[in-house]
Amino acid sequence: MAQGILDRGMRVFVLIWVGQLVSLIGSGLTGFALGIWVYQRTGSVTDFALISLFTFLPSIILLPLAGAFVDRWNRRSCLLISDCGAGLSTVAIAVLLFTGRLEVWQIYLAVAASSIFSAFHWPAYNAAIAQLVPKQHLSRASGMVQVGQATSQLIAPVLAGVLVGTIQIQGIVLLDFATFMFAFVTLLFVQIPTPKTTTENEVAKGSVLREAFYGWSYITARAGLLGLLILYSFTNFSLGLVEVLLTPLVLSFASTAVLGTILSIGGSGMLLGSVVISVWSGFKRRVYCVLGFTMLQGILLCVGGLQPSAPLIAAAAFVFLFSLPFIMASSQAIWLSKVAPDVQGRVFAVQRALGLSSLPFAYLLAGPLADRVFEPLLAVDGALAKNIGRLIGVGPGRGIGLLFIVLGILNILAATVGYLYPRLRLVEDELPDALTDVASATDEKRHKLT
């Protein structure tokens, strides 16, 4: 009986995951196609970049408030509403396209509306995992979520590039709507259990605003989780800098074709890593997995910045992105197992909002750091040309290479500090599991009946 409950919960999660995977690919297709449409119409990089801003910013701002509602509402209802809202935003774009009335500002408005709905989607989706998946499979389930994201990032741009020339942007938008409907229908056929009320939820009750801030109070009261959040924010900041600066680093010595190859190799590494962690649950000590792979990423950043070599950077990018799903899945498994299920919406919303808030800073700082600080230092006549320049070279791109090395050293230091900080290193021991395994709960119930 207990095994049947475990299997049923896993099957429900897999069904939801398949629907969300298909929807993610559809969203990736539309995002890529709309970016091309805006750039071709305006020729402005700023207009093109604003799509990313409107896709990203509303969700971050609303996440804490959305998390409070997610804990008040049924998780499946939240997912249905968010998918329906995102689908309607896509329909609005499709109607404007087919009538020839689509303007750039309308795209900004539509993607901002979709971003608002995604603020409810993410905490509801992650909180549902803890209600469906046994504790011992949380890393595997988190890895499957990473597979979905990696697959979308790898497949959507390539597929969209082909489809733009065949079914055009109108067809892509309609295809995206069909993927939303697929995800919506899969949710209609499943049930997500309502979590039992805990003492944490009783303490948190109050106004929506008070409940929204409760996620932050919950985290700060647990030093191990706060340390994990700080590490998550820092690694996201590093990742944001690398994401922006990898392209100019490679183009300083190679062609766009080589850049595309390196990006594809890196994306393949992320997909492979996501598949591996979804099949293999990872290390028993998940925090060691987080710290160990963070240190490995620091080493790889140093390697990637050493020389203007395409094979070297491609190899570093592959292993770097291969390790990313291990960090994300292991970290999320810790959060899932240590946070009370009935407050996970609030806590996960704050965790995501604060963790991702470092990305805009990285995007803003990347250009000035490269153009005004590091590149001049390793110009032919730069201040570091005669010492560090002898080791890693001088000229275009070498300043960015130095910045990668500095980032790598900082990542190594962050992992070292994290290991030396007892609250983070022992977070899995010091914080009690907030989840009751399905099998254990069933055995306990059966014992009481007898």
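Presented here is a report on the structure given in the accompanying data block. Nothing here was measured: the structure is a model prediction, and the numbers come from that model.

Describing the overall build of the protein chain
Part 1 of the argument: Summing up its helical and strand segments, the protein chain has 19 helices and 0 strands in all.
Part 2 of the argument: Relative to its 450 residues, the protein chain shows a buried fraction of 50%.
Part 3 of the argument: Long-range pairs, those at least 24 residues apart, make up 84% of the contacts in the protein chain between residues at least 6 apart in sequence.
Part 4 of the argument: Accessible surface for the protein chain amounts to roughly 20,100 Å². Of this, 70% is attributable to carbon and sulfur atoms.

So, the environment of Ala 212
Part 1 of the argument: Secondary-structure assignment places Ala 212 in helix α8 (residues 208–220).
Part 2 of the argument: Here the alpha-carbon distance between Ala 212 and Leu 62, two residues 150 residues apart in the chain, equals 9.7 Å.
Part 3 of the argument: Dropping the residues within four chain positions of it, Ala 212 is found in contact with Pro 64, Leu 65, Ala 68 and Val 350.

Focus on the environment of Leu 384
Part 1 of the argument: Position of Leu 384 relative to the elements: it lies in the loop between α14 (358–377) and α15 (388–392).
Part 2 of the argument: Judged by its relative accessible area of 21%, Leu 384 is partly exposed.
Part 3 of the argument: Each residue touching Leu 384, except ones within four places of it in the same chain, is listed here: Leu 377, Leu 378, Gly 389 and Leu 402.

Here we look at empty space enclosed by the protein
Part 1 of the argument: Enumeration according to the criterion identifies 2 cavities of 30 Å³ or more in this entry.
Part 2 of the argument: By volume, the largest cavity amounts to about 60 Å³.
Part 3 of the argument: Around the largest cavity, the lining residues are Leu 228, Leu 231, Tyr 232, Thr 235, Val 290, Ile 327, Met 328 and Ser 331.
Part 4 of the argument: Going through the elements one at a time, α9 (223–251) and α12 (310–338) are the ones with two or more residues in the lining of the largest cavity.

With respect to a nonpolar patch on the surface
Part 1 of the argument: Taken together, the side chains of Leu 15, Met 181, Val 185, Leu 188 and Phe 189 present a nonpolar region at the surface, about 460 Å² in accessible area.
Part 2 of the argument: Per element, the largest residue contribution to the nonpolar patch is 3 residues, and it comes from helix α6 (residues 168–188).
Part 3 of the argument: Tracing the sequence through the fold places Leu 15 in helix α1 (residues 2–42).

Let's talk about helix α3 (residues 75–98)
Spacing of three or four residues puts side chains on the same side of an α-helix, whose turn is 3.6 residues.
Part 1 of the argument: The first and last C-alpha atoms of α3 sit 35 Å apart over 24 residues, in line with the 34 Å expected at 1.5 Å per residue.
Part 2 of the argument: The positive-phi residue at the C-terminal boundary of α3 is Gly 100, with phi of around 70 degrees.

Comments concerning the nonpolar core
Part 1 of the argument: If you look at the biggest cluster of nonpolar residues, it comprises 61 residues, and the most contacted ones within it are Phe 13, Leu 225 and Trp 335.
Part 2 of the argument: Apart from residues no more than four positions distant in its own chain, Leu 225 is found in contact with Tyr 218, Ile 219, Ile 334, Trp 335, Val 339, Val 427 and Leu 431.
Part 3 of the argument: Core analysis: the second largest hydrophobic core is formed by 28 residues, Leu 241, Leu 245, Leu 259 and Leu 300 among them.

Some remarks on the packing of aromatic side chains
Part 1 of the argument: All told, the structure shown has 6 aromatic pairs when counted by the stated rule.
Part 2 of the argument: Taking 6.0 Å as the distance between ring centres and 65 degrees as the angle between the ring planes, the aromatic pair formed by Tyr 214 and Tyr 218 counts as edge-to-face. A residue pair is termed a helical-turn pair when its members lie 3 or 4 positions apart in one helix, as Tyr 214 and Tyr 218 do in helix α8 at 4 residues. With respect to class, Tyr 214 is no different from Tyr 218; both count as buried.
Part 3 of the argument: A network of ring pairs unites the aromatic residues Phe 293, Phe 318, Phe 322 and Phe 326 as a single cluster.
Part 4 of the argument: Stacked on the ring of Tyr 288, the Lys or Arg Arg 285 has its end atom at 5.1 Å from the ring centre.

Rules and cut-offs
- Residues numbered from 1 in each chain as written.
- Predicted model: local features only at pLDDT ≥ 70, side-chain atom pairs only at ≥ 80, totals over all residues.
- Heavy atoms only, no water.
- Helix = DSSP H or I, 4+ residues; strand = E, 2+ residues; numbered from the N terminus.
- Buried < 20%, exposed > 50% of the residue type's maximum accessible area, 1.4 Å probe, protein only.
- Contact = heavy atoms within 4.5 Å.
- Areas by Shrake-Rupley, 256 points an atom, 1.4 Å probe, with all protein chains shown as cover.
- 1 Å grid on protein atoms, 1.4 Å probe; cavity = no way out; pocket = protein on both sides within 12 Å on 5 of 7 lines; lining within 4 Å.
- Points joined across faces, edges and corners; volume = space filled by probe spheres on them.
- Patch = residues over 30% accessible without salt bridge, like charges linked within 9 Å, V, L, I, M, F, W, Y side chains within 5 Å.
- Salt bridge = Lys/Arg side-chain N within 4 Å of Asp/Glu carboxyl O.
- Expected span 1.5 Å × (residues − 1).
- Core = buried A, V, L, I, M, F, W, Y, C linked by side-chain atoms within 4.5 Å.
- Phe/Tyr/Trp six-rings, centres within 6.5 Å; stacked < 30°, edge-to-face > 60°.
- Lys NZ or Arg CZ within 6 Å of the ring centre and 35° of its normal.

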